[in-house]
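Take a look at the letters that make up each chain.
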Amino acid sequence: QVQLVESGGGLVQIGGSLRLSCAASLQTFSSSVMGWFRQAPGKEREFVAGISRIGSNTRYADSVKGRFTISRDNAKNTVYLQMNSLKPEDTAVYFCAARGSVIIATSEMLYDYWGQGTQVTVSS
């Protein structure tokens, strides 16, 4: 059984912070590239951030670069997304995903496993 479970979403004011977590049952977690995606109403799912197998390399969408930080703890089979300086346009359902590759991909089609998503809402 493979399961990814996101948590940490909620309602936050503009400029605030949230930390999302994704707990993975994936047995080969340490061999998997992990990513975060988000989807706002009426929009396509978009890449947010990705991290390599041991966390030495990361990649971010331009829209979140400098504000969001992705990290992982392989001992806990968990990946995190620290979100700072949040903006209304960050409002979306956030999903974590995993792929068995050494490449941090930006396309959702290249990820094999997905969580159920967690809602993030940013408002004044």
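The structure this text deals with has already been given above.
Residues numbered from 1 in each chain as written. Predicted model: local features only at pLDDT ≥ 70, side-chain atom pairs only at ≥ 80, totals over all residues. Heavy atoms only, no water.

Peer 1: Before we go on, may I ask you to explain the nonpolar core in this structure?
Peer 2: One broad rule of soluble globular proteins: the nonpolar side chains tend to lie buried together. In terms of nonpolar packing, the biggest core is built from 29 residues, with W36, V48, F68, I70, L81, M83 and Y94 touching the most fellow members. Elements that contribute at least two residues to this core include exactly β3 (18-24), β4 (33-39), β5 (46-51), β7 (68-73), β8 (78-83), β9 (92-99) and β11 (118-123). Residues in contact with V48, not counting those within four places in the same chain, are W36, F37, R38, R59, Y60, A61, V64, F68, L81 and Y94. Core analysis: the next-biggest nonpolar cluster, separate from the first, contains seven residues, V33, F37, A105 and Y111 among them. (Core = buried A, V, L, I, M, F, W, Y, C linked by side-chain atoms within 4.5 Å. Buried < 20%, exposed > 50% of the residue type's maximum accessible area, 1.4 Å probe, protein only. Helix = DSSP H or I, 4+ residues; strand = E, 2+ residues; numbered from the N terminus. Contact = heavy atoms within 4.5 Å.)

Peer 1: Teacher, can you tell me more about the state of the cysteines here?
Peer 2: In protein chemistry, a disulfide is the covalent bond that joins the sulfur atoms of two cysteines. Evaluation of the coordinates by the stated rule reveals one disulfide. Shown here is the disulfide that connects C22 with C96, its sulfur atoms set 1.9 Å apart. With the S-S dihedral at roughly 40°, the linkage between C22 and C96 falls on the right-handed side. Here the residue C22 occupies a position in strand β3, and C96 occupies one in strand β9, the gap between them amounting to 74 residues. Residue C22 shares its accessibility class with C96, and that shared class is buried. (Disulfide = S-S within 2.5 Å.)

Peer 1: Would you take a moment to explain the packing of aromatic side chains for this structure?
Peer 2: The way to describe two aromatic rings as a pair is by their centre distance and the angle between their planes. All told, the structure shown has four aromatic pairs when counted by the stated rule. Residues F37 and F47 carry aromatic rings whose centres are separated by 5.6 Å and whose planes lie at 75° to one another, so their mutual orientation is edge-to-face. Of this pair, F37 sits in strand β4 while F47 sits in strand β5, placing them ten residues apart in sequence. On the basis of relative accessibility, which here comes to 1%, the residue F37 falls in the buried class. Given a relative accessible area of 10%, F47 falls into the buried group. (Phe/Tyr/Trp six-rings, centres within 6.5 Å; stacked < 30°, edge-to-face > 60°.)

From the geometry alone we can't say anything about function, so treat these as descriptive.
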